[in-house]
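As a plain string of letters, each chain reads:
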Amino acid sequence: MSSLRKDFLWGGAVAAHQLEGGWNKGGKGVSVADVMTVGANGVPREITNGVLQGKNYPNHEGIDFYTHYKEDIKLFAEMGFKCFRTSIAWTRIFPQGDESEPNELGLKFYDELFDECLKYGIEPVITLSHFEMPYHLVTEYGGWRNRKMIDFFVRFAEVCFTRYKDKVKYWMTFNEINNQANYNEDFAPFTNSGIAYQPGENREKIMYQAAHYELVASALAVKIGHEINPDFQIGCMIAMCPIYPLSCKPEDMMMSVSAMHKRYWFTDVHVRGYYPGYLEKYFQRKGFNLDITVEDKLLLLEGCVDYIGFSYYMSFTTESKSDNPQYDYDESKDLVRNPYVKASDWGWQIDPVGLRYAMNWFYDRYQLPLFIVENGFGAIDQLNSDGTIDDDYRIDYLKAHIEAMKTAVEEDGIDLLGYTPWGCIDLVSAGTGEMKKRYGFIYVDKDNEGQGTLKRSKKKSFDWYKQVIATNGEQL
Ligand code: P53
């Protein structure tokens, strides 16, 4: 008998901007993802000033799920998916972000997409904001540095909740809201919050302000969502890379605690509805006078999330330094290699035990149901001469992580709702914009330069995952 619940939500995860394409179809507006060029391993994606001629913007076409979605969902159904996690492209619903009325064509697209899932008994699991906010909100308002974003987001959320209240039960507000803890690099502030920093700005303070507005917007959305349909389950979405101490030296341990604070305080606010003491003290010490009102604080308490959605790909490691007695944490500088684990071709440290550790960390702290909404192995796939792909490395990675996840349920008693591996069909990488960093059970014929037929084919992992689902995780 499987240790996992009978109604365990096996499925797969994607995000609108990484696979839909159709970037200017159906009245869709330009999103932040539409102004990011292709990068490479170690080469950051360029964020351009609007859409420029002659640049390669891989998200414009994605894998053209916009027109292929029926074919793709049929393949998901063949694998036995119980759920499918995707996002609603904000710019299909509010092309500029600040309109008062939504775009009916965009709403219709998701009606059809969700109906297609439901036809096969696949439950849609929906992220509202997944690295794809309207670009107009960046140029006109400065992104989430501006309090006005709260109203724009809440209007978007309310329209989606109302329209899809009988089709979607599981929601998440902001994808990987905590990536921006890495504020000294340009990627996360832009994708999370539409923030492009000017030279000399206090990046850290601006990040905390933006995150605060997002947390208030999330709380308001949760509150309104529960009014629209009390059965809604609305979660947060956290990028969980647990940060280990490099050694058992007490100072290394404290550095790990402090780093975890700086990367995961977002969850404290989402779940508990108030700021943790360690962060209030930190704001005081840094002299950050943030715009956090009494009304905001009340709203945070009224909009606590129902479950914790999180991604897990890798663990991090940090160490203390003698010139950092207060254990300040700068993610762009303070991570070191873990000598005990191997890394992927993109330097992501492979650590299945870390998934069990992460689940325990969340559950000990919050006692809320967990949902693993992303996990996976980005790798280069080689086609055999007959066109097949033997992606045993991907099977090995997923198998080890599913085993760790099952142990966390079986031996640690953790309440787990489901598991949706990332990029169940090959798509554009968020971090690098590449196609060749592949995660899928389904191969898509397209390369980094945008060439290819877009033809779909099953990899070896396709049948493997089908059997995992059929046996509720017993046969790995
Ligand atoms: P890619 C960094 C660290 C952990 C997860 O990532 C991350 C990132 C951002 O790159 O992003 C999540 O495509 C994200 C997805 C993304 C996926 O992980 O860079 O929610 O949108 O595609 C994998 O290999």
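The written sequence of each chain sets the order in which its residues are numbered from 1. Totals for whole chains, interfaces and linings use all residues, but because this is a predicted model, local features are given only for residues with pLDDT of at least 70 and pairs of side-chain atoms are given and counted only at 80 or more. Side-chain numbers here rest on the full set of heavy atoms in the structure, without hydrogens or water.

An unreviewed UniProt entry annotates the protein as Phospho-beta-glucosidase originating from Carnobacterium maltaromaticum LMA28. Reading the Sequence similarities (unreviewed entry) entry of the UniProt record for the protein gives the comment "Belongs to the glycosyl hydrolase 1 family." UniProt positions are given in the numbering used here, feature names are shortened, and annotations may be inferred rather than shown by experiment.

Novice: It is not clear to me how the UniProt feature "active site" (unreviewed entry) in the protein should be interpreted in this structure. Could you clarify?
Specialist: The UniProt record annotates "active site" (unreviewed entry) at E374. Mapped onto the fold, E374 is located in strand 9 (residues 370-374). Contacts: residue pairs with any heavy atoms within 4.5 Å of one another. Once residues within four sequence positions are removed from consideration, E374 is found in contact with A13, R85, H130, N175, E176, M237, F310, S311, Y312, Y313, T420 and W422. Residues adjacent in sequence count toward polar contacts only when both atoms are side-chain atoms; beyond that, a polar contact is any pair of N or O atoms within 3.5 Å, and within protein one must be able to donate a hydrogen and the other to accept it. Side chain to side chain, E374 and R85 meet in a polar contact 2.9 Å long. Every helix listed is a DSSP run of H or I at least four residues long, and every strand listed is a run of E at least two residues long, numbered separately from the N terminus.

Novice: Got a minute to help me understand the site of the ligand in this structure?
Specialist: Residues are labelled near a given molecule or strand when at least one of their non-hydrogen atoms is within 4 Å of it. The full set close to the ligand counts 16 residues, and Q18, E374, A430, K437 and Y439 are the nearest of them. At 3.3 Å from an oxygen atom of the ligand is found a side-chain nitrogen or oxygen belonging to W422. Within the contact set of the ligand, an oxygen atom lies 2.8 Å away from a backbone nitrogen or oxygen of G431. Residue-level accessible areas treat just the shown protein chains as cover; the underlying method is Shrake-Rupley with a 1.4 Å probe. Across the complex, the protein chains shield 93% of the 480 Å² of accessible surface that the ligand would expose by itself.

Novice: Which parts of the structure should I look at to understand empty space enclosed by the protein?
Specialist: It is the rolling of a water-molecule-sized probe over the atoms that shows where space remains empty. Here a cavity denotes grid points, spaced 1 Å and computed from the protein atoms alone, that fit a 1.4 Å probe unable to get out, and a pocket denotes an open set having protein on both sides within 12 Å along at least 5 of 7 lines; residues with an atom within 4 Å of a point are the lining. Grid points are joined across faces, edges and corners, and a volume is the space filled by probe spheres set on the points. If you walk through the whole model with that rule in mind, you get six cavities of 30 Å³ or more. Counted as a void, the largest cavity has a volume near 80 Å³. In terms of lining, the largest cavity is formed by 14 residues, of which the most central are A16, H17, K28, S31 and D34. Of all the secondary-structure elements, those providing two or more residues to the lining of the largest cavity are helix 1 (16-19) and helix 3 (90-93). Polarity classes work like this: nonpolar for Ala, Val, Leu, Ile, Met, Phe, Trp, Tyr, Cys and Pro, charged for Asp, Glu, Lys and Arg, and polar for all others, with Gly in that last group. Here the residues of the lining of the largest cavity are counted per class, giving four nonpolar, five polar and five charged. Each pocket or cavity is described by its volume, and for the second largest cavity that value is around 60 Å³. Tallied by class, residues from the lining of the second largest cavity come to six nonpolar, three polar and one charged.

Novice: Explain the packing of helix 8 (residues 203-228) against helix 9 (residues 250-272) here, please?
Specialist: Packed helices, taken two at a time, are described by their axes: the angle between them and the distance between them. Contact geometry of helix 8 with helix 9 gives a least axis separation of 10 Å together with a crossing angle of 25 degrees. In terms of orientation, helix 8 lies roughly parallel with respect to helix 9. As for how helix 8 packs across helix 9, the hand of that crossing is right-handed. Contacts from M207, Y208, A211, L215 and S218 in helix 8 reach K262, W265, F266, V269 and H270 in helix 9. Here the contact of helix 8 with helix 9 is built from residues that sort into seven nonpolar, two polar and one charged. With axes taken as lines fitted to C-alpha atoms, and helix axes fitted only over the stretch in contact, angles between N-to-C directions fall between 0 and 180 degrees. In this scheme, roughly parallel covers angles under 35 degrees and roughly antiparallel covers those over 145, while 65 to 115 is roughly perpendicular and the rest are oblique. What makes a crossing left-handed is the near helix being turned counterclockwise from the far one by less than a right angle; a clockwise turn instead makes it right-handed.

Novice: Would you mind going over the confidence of the model for the protein with me for this structure?
Specialist: A low pLDDT score tells you not to read the predicted coordinates there in detail. Each residue carries a pLDDT value, the predictor's own confidence for that position, ranging from 0 to 100. Here the protein averages 98 in pLDDT, and 100% of its residues register 70 or above. Here the complex is predicted with pTM 0.98, and the ipTM for its interfaces comes to 0.97.

Novice: Hey, could you run me through the pattern of salt bridges in this one?
Specialist: Where charged atoms of side chains with opposite charge meet at close range, the side chains can pair. We define a salt bridge as a contact between a side-chain nitrogen of Lys or Arg and a carboxyl oxygen of Asp or Glu at a distance within 4 Å. If you walk through the whole model with that rule in mind, you get 37 salt bridges. Residues R456 and D72 are paired through a salt bridge, measuring 2.8 Å at the closest nitrogen-oxygen approach. Here D72 lies in helix 2 (residues 65-79) and R456 lies in strand 12 (residues 456-458), a separation of 384 residues in the sequence. On the basis of relative accessibility, which here comes to 9%, the residue R456 falls in the buried class. Between K406 and E474 there is a salt bridge, and its shortest N-O distance comes to 3.7 Å. A residue pair is termed long-range when its members are at least 10 positions apart, and K406 in helix 13 (residues 392-410) and E474 in the segment after helix 14 (460-470) qualify at 68 residues. On the accessibility criterion, E474 (41% relative accessible area) is partly exposed. Three labels apply to residues, based on accessible area from a 1.4 Å probe with only protein chains included: buried if under 20% of the type maximum, exposed if over 50%, partly exposed otherwise in between.

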